Amino acid sequence: MAMGTRKHRQRQEPLWYRSELPSAPGHPFYNRLNEVLDKAGFDALCEQRCAAFYHRKLGRPSLSPGIYFRTMMVGFFEGIDSERGIAWRLSDSLTLRQFLGIGLDEETPDHVTLSRTRRLLSAEIHQEVFHWVLQRLAQGGLIKGKTIGVDSTTLEANAAMKSIVRRDTQESYTEYLKRLAEAEGMEALDPAGIRRMDRKRAKKIANQEWVNPHDGEAQITRLKDGRTALAYKTEQAVDMETSAIVAVTTHGGAAADTATMDETVTEAGVAVAEVMLEQTPEGEYVVNPDGIEEVVADKGYHSNEVLVGLEKLKVRSYIAEPDRGRRVWKGKAAEKAAVYGNRRRITGTRGKRLLARRGERVERNFAHQFDTGGMDRLWVRGLENVHKKLLIQAAACNLALLLRASYGSGKPKAAHDRKKELIWAAFASCSPYSTSMSRDRRRLAWQWIGTAATCRHNSRCGPPEIAHLDTGC
(Lines give C-alpha, C1' and ligand atoms only; values in the text may rest on other atoms or scores of the structure.)
Protein backbone atom coordinates (compact mmCIF):
# COMPACT_ATOMS: atom_id res chain seq x y z
CA MET A 1 0.00 0.00 0.00
CA ALA A 2 1.33 3.41 -0.94
CA MET A 3 1.50 6.08 1.72
CA GLY A 4 -1.04 8.88 1.48
CA THR A 5 0.44 12.35 2.03
CA ARG A 6 -0.94 15.76 2.84
CA LYS A 7 0.38 17.15 -0.45
CA HIS A 8 -1.51 14.55 -2.49
CA ARG A 9 -4.70 15.41 -0.60
CA GLN A 10 -4.59 19.09 -1.55
CA ARG A 11 -7.27 19.87 -4.11
CA GLN A 12 -8.40 22.86 -6.11
CA GLU A 13 -11.34 24.87 -4.85
CA PRO A 14 -14.66 23.47 -6.16
CA LEU A 15 -16.60 25.36 -8.82
CA TRP A 16 -19.82 25.32 -6.77
CA TYR A 17 -21.02 28.26 -4.79
CA ARG A 18 -20.32 27.91 -1.11
CA SER A 19 -23.95 28.54 -0.24
CA GLU A 20 -25.00 25.40 -2.12
CA LEU A 21 -22.88 23.04 0.01
CA PRO A 22 -23.19 22.29 3.71
CA SER A 23 -20.32 23.75 5.70
CA ALA A 24 -19.20 24.29 9.26
CA PRO A 25 -17.40 27.31 10.66
CA GLY A 26 -14.99 24.99 12.45
CA HIS A 27 -14.34 24.86 16.15
CA PRO A 28 -11.88 27.53 17.34
CA PHE A 29 -10.02 24.98 19.43
CA TYR A 30 -9.38 22.61 16.52
CA ASN A 31 -8.48 25.53 14.25
CA ARG A 32 -5.79 26.62 16.69
CA LEU A 33 -4.59 23.06 17.19
CA ASN A 34 -4.14 22.74 13.43
CA GLU A 35 -2.27 26.05 13.40
CA VAL A 36 0.17 24.73 16.01
CA LEU A 37 0.66 21.41 14.20
CA ASP A 38 1.04 22.96 10.74
CA LYS A 39 3.44 25.65 11.92
CA ALA A 40 5.74 23.02 13.43
CA GLY A 41 5.61 20.73 10.36
CA PHE A 42 3.71 17.87 12.00
CA ASP A 43 2.52 16.23 8.76
CA ALA A 44 5.97 16.33 7.15
CA LEU A 45 7.50 14.70 10.22
CA CYS A 46 4.90 11.91 10.30
CA GLU A 47 5.27 11.18 6.59
CA GLN A 48 9.05 11.13 6.81
CA ARG A 49 9.12 8.76 9.81
CA CYS A 50 6.40 6.46 8.45
CA ALA A 51 7.71 6.14 4.87
CA ALA A 52 9.49 2.87 5.64
CA PHE A 53 6.18 1.15 6.45
CA TYR A 54 4.62 1.77 3.02
CA HIS A 55 5.42 0.87 -0.57
CA ARG A 56 6.58 3.77 -2.69
CA LYS A 57 4.31 3.19 -5.69
CA LEU A 58 2.19 0.05 -5.49
CA GLY A 59 -1.25 -0.03 -3.90
CA ARG A 60 -3.92 2.56 -3.37
CA PRO A 61 -3.10 5.59 -1.21
CA SER A 62 -3.48 4.82 2.47
CA LEU A 63 -4.67 6.92 5.36
CA SER A 64 -2.22 9.80 5.70
CA PRO A 65 -0.03 9.41 8.83
CA GLY A 66 -0.80 12.98 9.89
CA ILE A 67 -4.54 12.31 9.70
CA TYR A 68 -4.10 9.02 11.59
CA PHE A 69 -2.37 10.66 14.55
CA ARG A 70 -4.86 13.55 14.56
CA THR A 71 -7.71 11.02 14.55
CA MET A 72 -6.28 9.15 17.52
CA MET A 73 -5.98 12.44 19.41
CA VAL A 74 -9.67 13.11 18.78
CA GLY A 75 -10.41 10.30 21.21
CA PHE A 76 -8.82 12.33 24.01
CA PHE A 77 -10.34 15.68 23.08
CA GLU A 78 -13.85 14.26 22.57
CA GLY A 79 -13.74 11.74 25.44
CA ILE A 80 -14.19 8.64 23.25
CA ASP A 81 -12.63 5.37 24.40
CA SER A 82 -12.69 3.10 21.31
CA GLU A 83 -11.56 3.43 17.71
CA ARG A 84 -15.02 2.38 16.59
CA GLY A 85 -16.52 5.28 18.55
CA ILE A 86 -13.95 7.69 17.06
CA ALA A 87 -14.87 6.53 13.54
CA TRP A 88 -18.58 7.09 14.21
CA ARG A 89 -17.88 10.57 15.58
CA LEU A 90 -15.80 11.52 12.52
CA SER A 91 -18.51 10.47 10.09
CA ASP A 92 -21.05 12.56 12.01
CA SER A 93 -19.14 15.82 12.53
CA LEU A 94 -18.47 18.54 9.96
CA THR A 95 -16.11 20.22 12.43
CA LEU A 96 -13.90 17.13 12.74
CA ARG A 97 -13.93 16.71 8.96
CA GLN A 98 -12.55 20.21 8.70
CA PHE A 99 -9.98 19.49 11.41
CA LEU A 100 -8.74 16.42 9.50
CA GLY A 101 -9.04 18.01 6.06
CA ILE A 102 -11.58 15.49 4.76
CA GLY A 103 -14.06 16.79 2.17
CA LEU A 104 -17.77 16.13 2.09
CA ASP A 105 -17.32 13.92 -0.98
CA GLU A 106 -14.74 11.76 0.84
CA GLU A 107 -15.29 8.94 3.28
CA THR A 108 -13.95 9.28 6.79
CA PRO A 109 -11.65 6.45 7.99
CA ASP A 110 -13.51 3.55 9.56
CA HIS A 111 -12.38 1.70 12.65
CA VAL A 112 -10.82 -1.12 10.61
CA THR A 113 -8.54 1.36 8.83
CA LEU A 114 -7.56 2.98 12.12
CA SER A 115 -6.84 -0.38 13.73
CA ARG A 116 -4.81 -1.64 10.78
CA THR A 117 -2.78 1.59 10.63
CA ARG A 118 -2.04 1.36 14.35
CA ARG A 119 -0.82 -2.23 13.97
CA LEU A 120 1.23 -1.31 10.90
CA LEU A 121 3.13 1.58 12.50
CA SER A 122 5.65 0.54 15.14
CA ALA A 123 5.72 1.64 18.76
CA GLU A 124 8.92 3.58 17.99
CA ILE A 125 6.98 5.81 15.57
CA HIS A 126 4.38 6.55 18.23
CA GLN A 127 7.21 7.28 20.67
CA GLU A 128 8.72 9.74 18.19
CA VAL A 129 5.40 11.57 17.87
CA PHE A 130 5.23 11.76 21.67
CA HIS A 131 8.79 13.10 21.75
CA TRP A 132 7.95 15.65 19.02
CA VAL A 133 5.21 17.04 21.25
CA LEU A 134 7.71 17.20 24.13
CA GLN A 135 9.97 19.35 21.96
CA ARG A 136 7.11 21.78 21.34
CA LEU A 137 6.52 21.98 25.10
CA ALA A 138 10.20 22.63 25.75
CA GLN A 139 10.19 25.39 23.15
CA GLY A 140 7.19 26.88 24.91
CA GLY A 141 8.96 26.81 28.28
CA LEU A 142 6.66 24.11 29.67
CA ILE A 143 9.31 21.55 30.65
CA LYS A 144 11.73 22.22 33.52
CA GLY A 145 12.90 18.66 34.11
CA LYS A 146 14.33 19.10 37.59
CA THR A 147 11.58 17.48 39.68
CA ILE A 148 9.31 14.71 38.38
CA GLY A 149 6.41 12.90 39.97
CA VAL A 150 5.80 9.22 39.25
CA ASP A 151 2.47 7.46 39.56
CA SER A 152 0.61 4.56 37.94
CA THR A 153 -2.90 3.30 37.35
CA THR A 154 -4.50 0.09 36.11
CA LEU A 155 -6.79 -0.10 33.08
CA GLU A 156 -9.16 -2.99 32.47
CA ALA A 157 -8.06 -5.06 29.48
CA ASN A 158 -10.21 -6.16 26.55
CA ALA A 159 -10.32 -9.71 27.89
CA ALA A 160 -12.79 -11.48 30.17
CA MET A 161 -12.02 -13.47 33.29
CA LYS A 162 -14.52 -16.09 32.11
CA SER A 163 -12.20 -16.98 29.23
CA ILE A 164 -9.06 -17.73 31.25
CA VAL A 165 -7.46 -21.17 30.91
CA ARG A 166 -4.76 -22.99 32.85
CA ARG A 167 -1.30 -22.67 31.37
CA ASP A 168 -0.43 -26.33 31.90
CA THR A 169 -3.61 -28.17 30.87
CA GLN A 170 -5.40 -25.47 28.79
CA GLU A 171 -8.65 -26.30 30.58
CA SER A 172 -11.13 -23.54 31.35
CA TYR A 173 -12.02 -22.44 34.86
CA THR A 174 -15.33 -24.31 34.73
CA GLU A 175 -13.62 -27.52 33.63
CA TYR A 176 -11.06 -27.05 36.38
CA LEU A 177 -13.83 -26.75 38.99
CA LYS A 178 -15.55 -29.86 37.66
CA ARG A 179 -12.33 -31.81 38.01
CA LEU A 180 -11.97 -30.62 41.63
CA ALA A 181 -15.59 -31.58 42.33
CA GLU A 182 -15.10 -35.06 40.95
CA ALA A 183 -11.99 -35.48 43.07
CA GLU A 184 -14.06 -34.67 46.18
CA GLY A 185 -16.82 -37.07 45.16
CA MET A 186 -19.36 -34.41 44.19
CA GLU A 187 -21.73 -34.53 41.27
CA ALA A 188 -19.95 -32.60 38.53
CA LEU A 189 -23.18 -31.99 36.63
CA ASP A 190 -24.64 -29.81 39.39
CA PRO A 191 -23.68 -26.21 38.48
CA ALA A 192 -25.08 -24.77 41.72
CA GLY A 193 -23.08 -27.21 43.83
CA ILE A 194 -19.91 -26.39 41.91
CA ARG A 195 -20.41 -22.68 42.54
CA ARG A 196 -21.00 -23.28 46.27
CA MET A 197 -17.83 -25.35 46.45
CA ASP A 198 -15.87 -22.60 44.66
CA ARG A 199 -17.11 -19.94 47.11
CA LYS A 200 -16.14 -21.98 50.17
CA ARG A 201 -12.71 -23.20 49.13
CA ALA A 202 -9.56 -21.16 49.72
CA LYS A 203 -8.44 -20.02 46.28
CA LYS A 204 -6.03 -17.67 44.60
CA ILE A 205 -5.91 -17.21 40.85
CA ALA A 206 -2.23 -16.66 40.04
CA ASN A 207 -0.89 -15.27 36.77
CA GLN A 208 1.69 -18.06 36.78
CA GLU A 209 -1.13 -20.60 36.41
CA TRP A 210 -3.85 -18.81 34.44
CA VAL A 211 -3.85 -16.85 31.19
CA ASN A 212 -6.39 -15.43 28.77
CA PRO A 213 -5.95 -17.12 25.35
CA HIS A 214 -7.06 -13.96 23.50
CA ASP A 215 -4.67 -11.57 25.30
CA GLY A 216 -1.78 -13.42 26.86
CA GLU A 217 -0.03 -10.26 28.10
CA ALA A 218 -2.93 -8.99 30.22
CA GLN A 219 -2.53 -9.92 33.87
CA ILE A 220 -5.02 -10.72 36.62
CA THR A 221 -5.11 -8.01 39.26
CA ARG A 222 -7.44 -6.10 41.56
CA LEU A 223 -8.70 -2.85 40.08
CA LYS A 224 -9.14 0.35 42.05
CA ASP A 225 -12.89 -0.28 42.36
CA GLY A 226 -12.25 -3.64 44.06
CA ARG A 227 -13.02 -5.93 41.12
CA THR A 228 -10.63 -8.67 40.04
CA ALA A 229 -10.03 -8.44 36.30
CA LEU A 230 -7.44 -8.73 33.56
CA ALA A 231 -5.68 -5.41 33.23
CA TYR A 232 -2.66 -3.44 32.12
CA LYS A 233 -0.73 -0.88 34.13
CA THR A 234 0.48 2.46 32.84
CA GLU A 235 3.10 4.46 34.70
CA GLN A 236 3.94 8.07 33.92
CA ALA A 237 6.54 10.62 34.92
CA VAL A 238 5.21 14.18 35.16
CA ASP A 239 7.09 17.45 35.48
CA MET A 240 6.13 18.75 38.92
CA GLU A 241 6.47 22.40 37.89
CA THR A 242 4.43 22.39 34.68
CA SER A 243 2.36 19.13 34.68
CA ALA A 244 3.92 18.02 31.38
CA ILE A 245 4.10 14.24 30.88
CA VAL A 246 7.72 13.41 30.08
CA ALA A 247 7.62 9.58 30.02
CA VAL A 248 5.08 6.76 29.62
CA THR A 249 5.72 3.07 30.29
CA THR A 250 3.29 0.15 30.05
CA HIS A 251 3.32 -3.09 32.04
CA GLY A 252 1.14 -6.01 32.97
CA GLY A 253 -1.58 -5.20 35.46
CA ALA A 254 0.00 -7.15 38.31
CA ALA A 255 3.43 -5.49 38.07
CA ALA A 256 4.46 -3.92 41.37
CA ASP A 257 5.19 -0.20 41.53
CA THR A 258 8.58 -0.86 43.10
CA ALA A 259 9.52 -3.11 40.15
CA THR A 260 8.61 -0.63 37.39
CA MET A 261 9.77 2.70 38.79
CA ASP A 262 13.37 2.28 37.64
CA GLU A 263 12.30 1.94 33.99
CA THR A 264 10.02 4.99 34.17
CA VAL A 265 12.64 7.21 35.81
CA THR A 266 15.20 6.11 33.21
CA GLU A 267 12.80 6.90 30.35
CA ALA A 268 12.10 10.29 31.90
CA GLY A 269 15.81 11.02 32.24
CA VAL A 270 16.40 10.23 28.57
CA ALA A 271 13.44 12.36 27.49
CA VAL A 272 14.60 15.37 29.52
CA ALA A 273 18.14 15.02 28.17
CA GLU A 274 16.85 15.00 24.56
CA VAL A 275 14.96 18.31 24.94
CA MET A 276 17.62 20.00 27.06
CA LEU A 277 18.92 22.12 24.15
CA GLU A 278 15.52 23.37 23.00
CA GLN A 279 15.19 27.15 23.14
CA THR A 280 12.18 29.31 23.81
CA PRO A 281 11.30 32.11 21.34
CA GLU A 282 13.26 34.46 23.61
CA GLY A 283 16.38 32.30 23.17
CA GLU A 284 16.37 30.91 26.71
CA TYR A 285 17.14 27.36 27.84
CA VAL A 286 14.48 26.51 30.41
CA VAL A 287 15.12 22.77 30.79
CA ASN A 288 17.34 21.98 33.77
CA PRO A 289 20.89 21.40 32.40
CA ASP A 290 21.59 18.83 35.12
CA GLY A 291 18.59 16.71 34.19
CA ILE A 292 16.33 15.07 36.75
CA GLU A 293 17.40 15.78 40.32
CA GLU A 294 14.30 14.90 42.37
CA VAL A 295 11.60 12.21 42.24
CA VAL A 296 8.27 12.42 44.07
CA ALA A 297 5.99 9.39 44.58
CA ASP A 298 3.42 7.92 46.94
CA LYS A 299 4.00 5.21 49.54
CA GLY A 300 3.42 2.39 47.06
CA TYR A 301 6.89 3.08 45.65
CA HIS A 302 8.69 3.01 49.00
CA SER A 303 11.18 0.14 49.27
CA ASN A 304 14.84 -0.32 50.12
CA GLU A 305 15.72 -1.24 46.54
CA VAL A 306 14.01 1.79 45.02
CA LEU A 307 15.62 4.26 47.44
CA VAL A 308 19.09 2.75 47.05
CA GLY A 309 18.69 2.78 43.26
CA LEU A 310 17.79 6.47 43.28
CA GLU A 311 20.77 7.21 45.52
CA LYS A 312 23.04 5.54 42.95
CA LEU A 313 21.53 7.70 40.21
CA LYS A 314 22.28 10.83 42.30
CA VAL A 315 18.55 11.61 42.46
CA ARG A 316 16.91 12.86 45.65
CA SER A 317 13.78 10.95 46.60
CA TYR A 318 10.61 12.36 48.15
CA ILE A 319 8.61 9.14 48.56
CA ALA A 320 5.93 8.88 51.25
CA GLU A 321 6.86 6.23 53.81
CA PRO A 322 4.29 3.68 55.03
CA ASP A 323 4.14 2.71 58.70
CA ARG A 324 6.23 -0.47 58.93
CA GLY A 325 6.97 -0.31 62.64
CA ARG A 326 10.41 -0.76 64.08
CA ARG A 327 12.89 -2.03 61.50
CA VAL A 328 16.12 -4.03 61.80
CA TRP A 329 19.08 -2.62 59.85
CA LYS A 330 21.77 -5.14 60.70
CA GLY A 331 23.98 -5.59 57.63
CA LYS A 332 21.99 -2.99 55.66
CA ALA A 333 23.97 0.21 56.02
CA ALA A 334 23.24 1.49 52.49
CA GLU A 335 19.52 0.77 52.81
CA LYS A 336 19.39 2.47 56.21
CA ALA A 337 21.11 5.60 54.91
CA ALA A 338 18.76 5.80 51.90
CA VAL A 339 15.60 5.31 53.98
CA TYR A 340 16.64 7.78 56.67
CA GLY A 341 17.66 10.37 54.07
CA ASN A 342 14.28 10.06 52.35
CA ARG A 343 12.52 10.29 55.73
CA ARG A 344 14.39 13.46 56.58
CA ARG A 345 13.48 15.07 53.23
CA ILE A 346 9.76 14.27 53.31
CA THR A 347 9.38 15.75 56.79
CA GLY A 348 10.96 19.02 55.69
CA THR A 349 9.14 22.03 54.31
CA ARG A 350 10.00 21.32 50.67
CA GLY A 351 9.15 17.64 50.99
CA LYS A 352 5.71 18.36 52.42
CA ARG A 353 5.06 20.89 49.68
CA LEU A 354 6.06 18.45 46.93
CA LEU A 355 3.96 15.61 48.32
CA ALA A 356 0.96 17.92 48.62
CA ARG A 357 1.44 19.11 45.05
CA ARG A 358 1.68 15.55 43.71
CA GLY A 359 -2.08 15.13 43.64
CA GLU A 360 -2.51 18.31 41.62
CA ARG A 361 0.30 17.71 39.13
CA VAL A 362 0.29 13.95 38.68
CA GLU A 363 -3.12 12.56 39.54
CA ARG A 364 -4.93 15.34 37.70
CA ASN A 365 -3.21 14.19 34.49
CA PHE A 366 -4.63 10.72 35.03
CA ALA A 367 -8.09 12.25 35.45
CA HIS A 368 -7.68 14.20 32.18
CA GLN A 369 -6.54 11.14 30.24
CA PHE A 370 -8.62 8.31 31.64
CA ASP A 371 -11.76 9.91 33.08
CA THR A 372 -12.67 12.92 30.95
CA GLY A 373 -10.31 11.68 28.22
CA GLY A 374 -12.46 8.61 27.71
CA MET A 375 -9.91 5.84 28.20
CA ASP A 376 -11.35 4.35 31.37
CA ARG A 377 -10.85 0.90 29.89
CA LEU A 378 -8.99 -0.61 26.93
CA TRP A 379 -10.41 -1.92 23.67
CA VAL A 380 -7.15 -3.12 22.12
CA ARG A 381 -5.14 -6.23 22.96
CA GLY A 382 -1.45 -6.82 23.42
CA LEU A 383 1.13 -4.83 25.37
CA GLU A 384 2.48 -3.07 22.27
CA ASN A 385 -0.94 -1.94 21.05
CA VAL A 386 -1.84 -0.70 24.52
CA HIS A 387 1.44 1.21 24.73
CA LYS A 388 0.76 2.91 21.37
CA LYS A 389 -2.66 4.07 22.55
CA LEU A 390 -1.25 5.39 25.82
CA LEU A 391 1.54 7.30 24.06
CA ILE A 392 -0.89 9.15 21.79
CA GLN A 393 -3.24 9.79 24.72
CA ALA A 394 -0.36 11.35 26.67
CA ALA A 395 0.78 13.33 23.60
CA ALA A 396 -2.74 14.75 23.23
CA CYS A 397 -2.75 15.65 26.93
CA ASN A 398 0.54 17.51 26.45
CA LEU A 399 -0.88 19.35 23.43
CA ALA A 400 -3.82 20.38 25.60
CA LEU A 401 -1.32 21.81 28.11
CA LEU A 402 0.42 23.73 25.32
CA LEU A 403 -2.84 25.17 24.00
CA ARG A 404 -4.02 25.99 27.51
CA ALA A 405 -0.83 27.95 28.14
CA SER A 406 -1.05 29.72 24.77
CA TYR A 407 -4.79 30.34 24.33
CA GLY A 408 -6.35 29.59 27.70
CA SER A 409 -8.28 26.47 26.61
CA GLY A 410 -6.97 22.91 26.50
CA LYS A 411 -10.08 21.16 25.22
CA PRO A 412 -12.97 22.02 22.88
CA LYS A 413 -15.50 22.21 25.70
CA ALA A 414 -13.22 24.47 27.74
CA ALA A 415 -12.84 26.78 24.75
CA HIS A 416 -16.61 26.94 24.36
CA ASP A 417 -17.16 27.72 28.06
CA ARG A 418 -14.41 30.34 28.08
CA LYS A 419 -15.94 32.08 25.07
CA LYS A 420 -19.30 32.43 26.81
CA GLU A 421 -17.62 33.87 29.91
CA LEU A 422 -15.79 36.45 27.81
CA ILE A 423 -18.98 37.37 25.98
CA TRP A 424 -20.83 37.90 29.25
CA ALA A 425 -17.95 39.99 30.57
CA ALA A 426 -18.01 42.06 27.40
CA PHE A 427 -21.71 42.78 27.72
CA ALA A 428 -21.35 43.67 31.38
CA SER A 429 -18.65 46.22 30.56
CA CYS A 430 -20.65 47.92 27.76
CA SER A 431 -23.10 50.47 29.06
CA PRO A 432 -25.42 50.36 26.01
CA TYR A 433 -26.09 46.70 26.86
CA SER A 434 -26.81 47.08 30.51
CA THR A 435 -30.22 46.44 32.06
CA SER A 436 -31.39 49.83 30.87
CA MET A 437 -31.15 49.04 27.14
CA SER A 438 -34.28 48.71 25.06
CA ARG A 439 -36.18 45.45 24.65
CA ASP A 440 -35.34 45.13 20.94
CA ARG A 441 -31.62 45.65 21.50
CA ARG A 442 -31.66 43.17 24.41
CA ARG A 443 -33.34 40.60 22.15
CA LEU A 444 -30.68 41.08 19.45
CA ALA A 445 -27.94 40.77 22.07
CA TRP A 446 -29.34 37.46 23.30
CA GLN A 447 -29.49 36.16 19.73
CA TRP A 448 -25.86 37.05 19.21
CA ILE A 449 -24.84 35.34 22.46
CA GLY A 450 -26.42 32.12 21.20
CA THR A 451 -24.43 32.13 17.95
CA ALA A 452 -21.11 33.67 18.93
CA ALA A 453 -19.78 30.50 20.55
CA THR A 454 -19.43 28.86 17.12
CA CYS A 455 -18.85 31.94 14.96
CA ARG A 456 -15.67 31.92 12.88
CA HIS A 457 -15.59 35.70 12.39
CA ASN A 458 -14.68 36.56 16.00
CA SER A 459 -16.25 39.76 17.25
CA ARG A 460 -16.97 41.13 13.78
CA CYS A 461 -20.38 39.45 13.90
CA GLY A 462 -21.29 41.12 17.17
CA PRO A 463 -22.30 44.59 18.18
CA PRO A 464 -19.71 47.28 17.47
CA GLU A 465 -19.36 48.11 21.18
CA ILE A 466 -17.44 44.85 21.79
CA ALA A 467 -15.67 44.54 18.45
CA HIS A 468 -12.35 45.38 20.08
CA LEU A 469 -12.44 42.29 22.29
CA ASP A 470 -10.84 39.00 21.30
CA THR A 471 -13.45 36.45 22.32
CA GLY A 472 -11.20 33.52 21.46
CA CYS A 473 -13.15 32.48 18.36
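The rules behind each value
Residues numbered from 1 in each chain as written. Predicted model: local features only at pLDDT ≥ 70, side-chain atom pairs only at ≥ 80, totals over all residues. Heavy atoms only, no water. Helix = DSSP H or I, 4+ residues; strand = E, 2+ residues; numbered from the N terminus. Buried < 20%, exposed > 50% of the residue type's maximum accessible area, 1.4 Å probe, protein only. Contact = heavy atoms within 4.5 Å. Areas by Shrake-Rupley, 256 points an atom, 1.4 Å probe, with all protein chains shown as cover. Core = buried A, V, L, I, M, F, W, Y, C linked by side-chain atoms within 4.5 Å. Salt bridge = Lys/Arg side-chain N within 4 Å of Asp/Glu carboxyl O. Expected span 1.5 Å × (residues − 1). Pairing = 2+ DSSP bridges. Phe/Tyr/Trp six-rings, centres within 6.5 Å; stacked < 30°, edge-to-face > 60°. Polar contact = N/O pair within 3.5 Å; in protein donor to acceptor, adjacent residues only side chain to side chain. pLDDT = per-residue confidence, 0-100. Axes fitted to C-alpha atoms, helices over the stretch in contact; angles between N-to-C directions. Parallel < 35°, antiparallel > 145°, perpendicular 65-115°, else oblique. Left-handed = near helix turned anticlockwise from the far one by under 90°. Nonpolar A, V, L, I, M, F, W, Y, C, P; charged D, E, K, R; others polar.

A.B. asks: Just give me the short version of the overall build of the protein, but keep the residues and values in it.
C.D. replies: Of the regular secondary structure elements, the protein holds 17 helices and eight strands. Residues classed as buried in the protein amount to 50% of the 473 residues present. For the protein, the share of sequence-separated contacts (at least 6 apart) that also reach a separation of at least 24 residues comes to 70%. Here the protein displays about 24,900 Å² of accessible surface, and carbon together with sulfur accounts for 50% of that area.

A.B. asks: Can you break down helix H12 (residues 304-312) residue by residue, with the values?
C.D. replies: Looking only at H12, the buried set comprises Asn-304, Val-306, Leu-307, Val-308 and Leu-310. Residues of H12 that are buried in the fold lie against helix H11 (257-274), strand E7 (294-297), strand E8 (316-319) and helix H13 (333-346). Immediately downstream of H12, the backbone of Lys-314 shows phi near 60 degrees, a positive value.

A.B. asks: With reference to specific residues and values, describe the nonpolar core.
C.D. replies: Proteins that are soluble and globular tend to have nonpolar side chains buried together. Ranked by internal contacts, the top residues of the largest apolar core, which has 108 residues, are Leu-33, Phe-69, Phe-77, Met-261 and Val-295. Among the elements that take part in this core, helix H15 (residues 383-407) stands out by supplying 13 residues, more than any other. When neighbours within four sequence positions are excluded, Leu-33 is seen to be in contact with Phe-77, Phe-99, Leu-399 and Leu-403.

A.B. asks: Just give me the short version of the pattern of salt bridges, but keep the residues and values in it.
C.D. replies: When charged atoms on two side chains of opposite charge get close, those side chains can pair. For the structure on display, the rule yields 19 salt bridges. With a shortest N-O distance of 3.8 Å, Arg-316 and Glu-293 are connected by a salt bridge. Note that Arg-316 is positioned in strand E8 and Glu-293 in the loop between H11 and E7, a separation of 23 residues in sequence. Here Arg-316 falls in the partly exposed class, since its relative accessible area comes to 34%. For Glu-293, a relative accessible area of 18% puts it in the buried group.

A.B. asks: Got a sec to walk through helix H4 (residues 65-78)? Specific residues and values, please.
C.D. replies: Its 14 residues place the ends of H4 20 Å apart at the C-alpha level, agreeing with the 20 Å of an ideal helix rising 1.5 Å per residue. Of all the 14 residues making up H4, 13 are buried; the element is thus mostly covered by neighbouring parts of the structure. Count one or two residues on from H4 and you reach Gly-79, which has phi positive near 70 degrees.

A.B. asks: So what about the pairing of strand E1 (residues 147-156)? Which residues, and what values?
C.D. replies: In terms of residue burial, E1 counts as a mostly covered element, since nine of its 10 residues are buried. Alignment of E1 against E7, held across three bridges, turns out to be parallel. In the strand pairing of E7, Gly-149 is matched with Val-296. Across nine bridges, E1 lies against strand E5 (residues 228-239) in antiparallel orientation. Paired with Ser-152 across the bridge in E5 is Glu-235.

A.B. asks: Talk me through the packing of aromatic side chains; I want residue IDs and the actual numbers.
C.D. replies: How two aromatic rings sit relative to each other is set out by the distance from centre to centre and by the angle between their planes. The full count for this structure, using the stated rule, is 13 aromatic pairs. Relative to Phe-99, the ring of Tyr-30 lies with its centre 4.8 Å away and its plane at 40 degrees, an arrangement referred to as tilted. Note that Tyr-30 is positioned in helix H2 (residues 28-39) and Phe-99 in helix H6 (residues 94-100), a separation of 69 residues in sequence. Each member of the pair Tyr-30 and Phe-99 is classed as buried. Here Tyr-176 and Trp-210 contribute two aromatic rings whose centre-to-centre distance is 5.3 Å and whose plane-to-plane angle is 80 degrees, an arrangement assigned as edge-to-face.

A.B. asks: Talk me through the side chain of Asn-288; I want residue IDs and the actual numbers.
C.D. replies: Here Asn-288 shows up in the loop between H11 and E7. From its side chain, Asn-288 meets the backbone oxygen of Gly-291 in a polar contact 2.6 Å long. For Asn-288, the residues in contact, after removing those within four places along its chain, are Lys-144, Gly-145, Lys-146, Met-276 and Glu-293.

A.B. asks: A description of the confidence of the model for the protein should follow, citing residues and the corresponding values.
C.D. replies: On average, residues of the protein score 84 in pLDDT, and 81% of them are at 70 or above. Confidence drops under pLDDT 50 across residues 451-473; counting only partners more than four residues distant or on other chains, this segment forms 42 contacts.

A.B. asks: An account of the environment of Tyr-54 is requested, with residue identities and associated values reported.
C.D. replies: Mapped onto the elements, Tyr-54 comes out in the loop between helix H3 (42-50) and H4. Through-space distance from the C-alpha of Tyr-54 to that of Leu-120 is 9.1 Å; in sequence the pair is 66 residues apart.

A.B. asks: Please provide a residue-by-residue account of the environment of Phe-69, values included.
C.D. replies: In this structure, Phe-69 sits in helix H4. On the basis of relative accessibility, which here comes to 0%, the residue Phe-69 falls in the buried class. For the pair formed by Phe-69 and Asp-43, sequence separation is 26 residues and the distance between their alpha carbons is 9.4 Å. Excluding residues within four positions of it along the chain, Phe-69 makes contact with Phe-42, Cys-46, Cys-50, Leu-121, Ile-125, His-126, Val-129 and Ile-392.

A.B. asks: Help me get a handle on the packing of helix H5 (residues 83-92) against helix H7 (residues 111-120), residues and values and all.
C.D. replies: Between H5 and H7, the least distance of the axes is 8 Å, while the angle of their chain directions is 130 degrees. One way to sum up the angle between H5 and H7 is to call them oblique. Relative to H7, the crossing made by H5 is right-handed. In this structure, H5 uses Glu-83, Arg-84, Ile-86 and Ala-87 to contact H7, whose residues at the interface are His-111, Leu-114, Ser-115 and Arg-118. Tallied by class, residues from the contact of H5 with H7 come to three nonpolar, two polar and three charged.

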